[in-house]
Amino acid sequence: MSRDSPLFTLRRLPLPDIRFPTIASIAAIFRAWVFLRGTRLGKRVRLLRGGRLRVEGAARITVSDLAWFNCGPIPTVLICAPGAEILIGVHSGFNYGVSLRARHSIRIGEECIFGAMVIVRDHDGHRTAPVVIGDRVWLGHGVMVEPGVTIGDDAVISAGSVVMEDVPPRMIAMGNPARCMPLRALRRPAGARGEGAQPEQAGTAS
Amino acid sequence: MSLWEAAKRYWSLRGAIGRVKLAADTVVVGRILAPGKGLVRVGAGVRLDASQAPILLMAFPGAEILLEDGVVIESGASIEAVRSVRIGARSQLGAFSMILDNSFHQLEGDRKVLPESHPVVLEEDVLIGPRSILLPGAHLGRGTRVGPCTVLARRTPPGAVVVGHPAVIRMPA
């Protein structure tokens, strides 16, 4: 297929939906069963691609049905201290290098997408507060979520952001520290703004 | 090359066999992963230093990653190309930096539909700081310096200095 054909851009990602079991998908489910042993594991949780996944405090971690982990060069880490809980919703997906570190609770909703190297933790050196992430949230590459943050449904967090305050539903947050704007206000398509950038002009770049 | 060095090189490149064609003088330290089925082309005198964490060169089918002569890539850097990423001669990528030419999900609507890709181009002598992220549409002019932890999706003029998230593009006096 040509790169410029419309079918190429409308191609679905080779990620979550399994309708027919293939050898690769059965292997991914088996790999998840091995690496996530001891957690409360839902049906058809998948570990796509090879890679390491480290789990501590497995008994207090819940991984719901159809969740997927995309392992890669940097290990994925799920750490749950005694008395804490991590809850991962149905069909949520994690790219490589994600680390979830809980001392109180981290709750992740349904159909979330986590980019690579996302850090979610509910404690820093000073305080411990639960983190709640809503449904269908998309966190870009390298996002860091600070303790006590609530992210609303359908929100998008831009790559490299540091989220220190709550994000309401259907907002896009970007920057360090992250600032919110409604998703509707973002008219320009991603990547189509190469022209017109002048030197000495400050602008959002994500 | 001694047998020991050849074995070490094979062990480093075992995740990239058949996908990456390296020149004889390419320096490889640590692991290089190239799981995609696209093309990765490497020029002369390239240094891939993955001593801390593996380097990911992911070219999707039909995509092309081009590393020109004298490029240095530090550990943990990852390049994901759906269409094309070009890194000009003598450029340097810092540790854990990331280059994407596609955002992989749409902001609204069906998140599983792949959006359009916008090629990323780094011209010659570009310096990318550690942990910075270049998003689709980034086009860095010759000699651009990008600071650490910068997130950029723009065209920059030659010789610019880019720092911060949101990125601020400045011309040095």
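Residues numbered from 1 in each chain as written. Chains lettered and ligands numbered in written order. Predicted model: local features only at pLDDT ≥ 70, side-chain atom pairs only at ≥ 80, totals over all residues. Heavy atoms only, no water.

### Some words on the layout of surface pockets
- As a volume, the second largest pocket reaches approximately 520 Å³.
- Lining the second largest pocket are 25 residues, with Met117, Ile119, Gly142 and Met144 of chain A together with Arg131 of chain B positioned closest to its centre.
- Looking at the lining of the second largest pocket, its residues break down into 13 nonpolar, ten polar and two charged. (1 Å grid on protein atoms, 1.4 Å probe; cavity = no way out; pocket = protein on both sides within 12 Å on 5 of 7 lines; lining within 4 Å. Points joined across faces, edges and corners; volume = space filled by probe spheres on them. Nonpolar A, V, L, I, M, F, W, Y, C, P; charged D, E, K, R; others polar.)

### Focus: the pairing of strand E20 (residues 179-182) of chain A
All names here are of chain A.
- Pairing of strand E19 (residues 171-174) with E20, which is carried by four bridges, proceeds in the antiparallel orientation. The partner of isoleucine 172 across the bridge, within E20, is methionine 181.
- The turn joining E19 and E20, which pair antiparallel and follow one another in sequence, is formed by four residues; a positive phi near 105° is taken by glycine 175. (Pairing = 2+ DSSP bridges. Helix = DSSP H or I, 4+ residues; strand = E, 2+ residues; numbered from the N terminus.)

### Some thoughts on the sheet that holds strand E15 (residues 144-145) of chain A
All names here are of chain A.
- In spatial order, the strands read E3-E6-E9-E12-E15-E18; together these six strands make up an open sheet with parallel pairing. The open sheet has two edge strands with one neighbour each: strand E3 (53-56) and strand E18 (162-163).
- Summarising the sheet, strand E9 (residues 99-102) and strand E12 (residues 119-121) pair through three bridges and their orientation is parallel. If you follow serine 99 over to E12, its bridge partner there is isoleucine 119.

### Quick word on the packing of aromatic side chains
Residues and elements named next belong to chain A.
- If you walk through the whole model with that rule in mind, you get four aromatic pairs over all chains.
- Measuring from centroid to centroid gives 5.9 Å for phenylalanine 30 and tryptophan 33, while their planes differ by 35°, and the two rings are tilted. Taken together, the positions of phenylalanine 30 and tryptophan 33, both in helix H2 (residues 23-35) and three residues apart, correspond to about one turn of that helix.
- With a relative accessible area of 51%, phenylalanine 30 lands in the exposed category.
- Exposure remark for tryptophan 33: the relative accessible area of 46% places this residue in the partly exposed category.
- Consider the rings of phenylalanine 94 and phenylalanine 114, whose centres lie 4.6 Å apart with planes at 35°: the pair is tilted. Taken together, the residues span a long stretch of sequence, with phenylalanine 94 in strand E8 (residues 93-94) and phenylalanine 114 in strand E11 (residues 113-114) at a distance of 20 residues. (Phe/Tyr/Trp six-rings, centres within 6.5 Å; stacked < 30°, edge-to-face > 60°. Buried < 20%, exposed > 50% of the residue type's maximum accessible area, 1.4 Å probe, protein only.)

### Here we look at H2 of chain A
Residue and element names in this part refer to chain A.
- Compared with the 18 Å implied by 1.5 Å per residue over 13 residues, the 18 Å span of H2 between its first and last C-alpha is a close match.
- Ser25, Ala28 and Ala32 are the residues of H2 that are buried. Each buried residue of H2 sits inside an arc of 55° when the element is viewed along its axis, so together they form one side. Pointing more than 90 degrees away from the buried face of H2 are the exposed residues Ile23 and Phe30. (Expected span 1.5 Å × (residues − 1). Arc of directions from axis to C-beta.)

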